[in-house]
Amino acid sequence: MSTTVAEFTPQSYKTDEHPIWCPGCGDFGVLDSLYKSLAGLSVNPKDLVVVSGIGCSGRTPGFVKSYGFHSVHGRVLPVALGVKLANPALTVIGVGGDGDGFAIGGGHIPHTARRNPDFTYLIMDNSTYGLTKGQYSPTSPLGFQAGSTPYGSIEQPLNPLAMLIAYGATFVGQGYSGKPRELADLITRAIQHKGFGFVNILSPCITFYNTYKVIPPKIAEVPKDHDVSNRAKAFELALETDHVMLGVFYQTQRPTFEDGVAGVIKQAQAAGPPRLEAIFAEFS
Ligand SMILES: Cc1ncc(C[n+]2csc(CCOP(=O)(O)OP(=O)(O)O)c2C)c(N)n1
Ligand code: SF4
């Protein structure tokens, strides 16, 4: 009797580096889910690129056996887009924190969402700046007290899911590091999605903003009968803040940026090189 051996296991993606995160950090759960998802999809490490920004979450490429790019603060999306355009055959995964993605890097979100490149973006959302010792972030709640907001944050937190749906992302979901099996399934769906797959992952910072007791009682699943192609309904669900809803909110299909660029290259090649005489004639 022959047995089928899985080509890759979660272990296949572990590096010799032990994550230097604080014991109990939610990012461990995210990393484990990512390993499981990659193994389930049999992604060959040689065809995988993990791109990060700066932050505790930004250390992730060091812990995944793959190609990696630990870029600069807030620049996950343009770097990931460049990698994907250079070689569309690669599986590209961007990872970073809520500060990295929504504050300094926030300007890249609308343009990535509307371009729809085929890569996955995982935000490890702990509602604080972990690496720099717990300042408030764009997803910190009103009244959040920290060194930078000693009297409590006076800013309305942004809603990542509503923002991504509004900007035209073609896959929008939310997971929780404390539910790693469900999170692995969600990451798998995001990677399988042909287009820009965004997953907001609630990943508590046990050291500076411990939400392990706050999140679980508020968790609810996206209703089973939710039609993920219904954008208005997805937006409505995203605005429901009494619960922390987990699952896929929105998914649709649109041509990817890489396909568009390939089409432009084809047209330009068919047209041939521009004639210098014609260009000079315009200015004479
Ligand atoms: C241009 C620039 N500005 C500021 C910093 C300092 N800095 C490093 S990480 C960080 C925020 C980290 O928070 P987040 O992105 O939420 O990630 P976490 O550490 O919570 O995973 C900041 C402000 C920097 N490295 N580069
Ligand atoms: S400071 Fe917070 S986010 Fe950073 S490793 Fe520690 S628990 Fe995790």
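The structure this text deals with has already been given above.
Residues numbered from 1 in each chain as written. Chains lettered and ligands numbered in written order. Predicted model: local features only at pLDDT ≥ 70, side-chain atom pairs only at ≥ 80, totals over all residues.

Q: Account for the overall build of the protein, with residues named and values stated.
A: For the protein, the count of helices and strands is 9 helices and 10 strands. Computed over C-alpha atoms, the radius of gyration of the protein comes to 20 Å, within 12% of the 19 Å expected from 2.2 N^0.38 for 284 residues, which places it in the range of a compact globule. The C-alpha extent of the protein, read off along each of the three principal axes, is 70 × 65 × 40 Å. Once local pairs closer than 6 in sequence are excluded, the contacts in the protein between residues at least 24 apart make up 69%. (Helix = DSSP H or I, 4+ residues; strand = E, 2+ residues; numbered from the N terminus. Rg over C-alpha atoms; globule rule 2.2 N^0.38 Å. Contact = placed C-beta atoms within 7 Å.)

Q: I'd like to hear about the site of ligand 2, residue by residue, with values.
A: Close to ligand 2 lie Trp 21, Cys 22, Cys 25, Asp 27, Cys 56, Asn 126, Gly 130, Leu 131, Cys 205, Ile 206, Thr 207 and Phe 208, which account for all nearby residues. The class makeup of the residues in the shell around ligand 2 is 8 nonpolar, 3 polar and 1 charged. (Near = placed C-beta within 6 Å. Nonpolar A, V, L, I, M, F, W, Y, C, P; charged D, E, K, R; others polar.)

Q: If you had to explain helix α8 (residues 257–271) to someone new, which residues and values would you point to?
A: The end-to-end C-alpha distance of α8, which contains 15 residues, comes to 21 Å, matching closely the 21 Å that a straight helix rising 1.5 Å per residue would cover. One or two positions beyond α8, positive phi appears at Gly 272, with a value near 80 degrees. (Expected span 1.5 Å × (residues − 1).)

Q: With reference to specific residues and values, describe the packing of helix α4 (residues 108–115) against helix α5 (residues 160–167).
A: Closest axis-to-axis distance for the α4/α5 pair is 8 Å, and the angle between their directions is 50 degrees. Our classification of the angle between α4 and α5 gives oblique. Regarding α4 and α5, the two cross each other, and that crossing is right-handed. Contacts from Ile 109, Pro 110, Ala 113 and Arg 114 of α4 reach α5 at Met 163, Leu 164 and Tyr 167. Looking at the contact of α4 with α5, its residues break down into 6 nonpolar, no polar and 1 charged. (Axes fitted to C-alpha atoms, helices over the stretch in contact; angles between N-to-C directions. Parallel < 35°, antiparallel > 145°, perpendicular 65-115°, else oblique. Left-handed = near helix turned anticlockwise from the far one by under 90°.)

Q: Which residues make up helix α1 (residues 27–40), and what values do they have?
A: End to end, α1 covers 20 Å across 14 residues, agreeing with the expected 20 Å (1.5 Å per residue, within 8%). Of all 14 residues that make up α1, 10 are buried, and the element is covered over most of its length. Buried residues of α1: Asp 27, Gly 29, Val 30, Leu 31, Ser 33, Leu 34, Tyr 35, Lys 36, Ser 37 and Leu 38, and no others. (Buried ≥ 20, exposed ≤ 12 C-beta atoms within 10 Å, placed from the backbone.)

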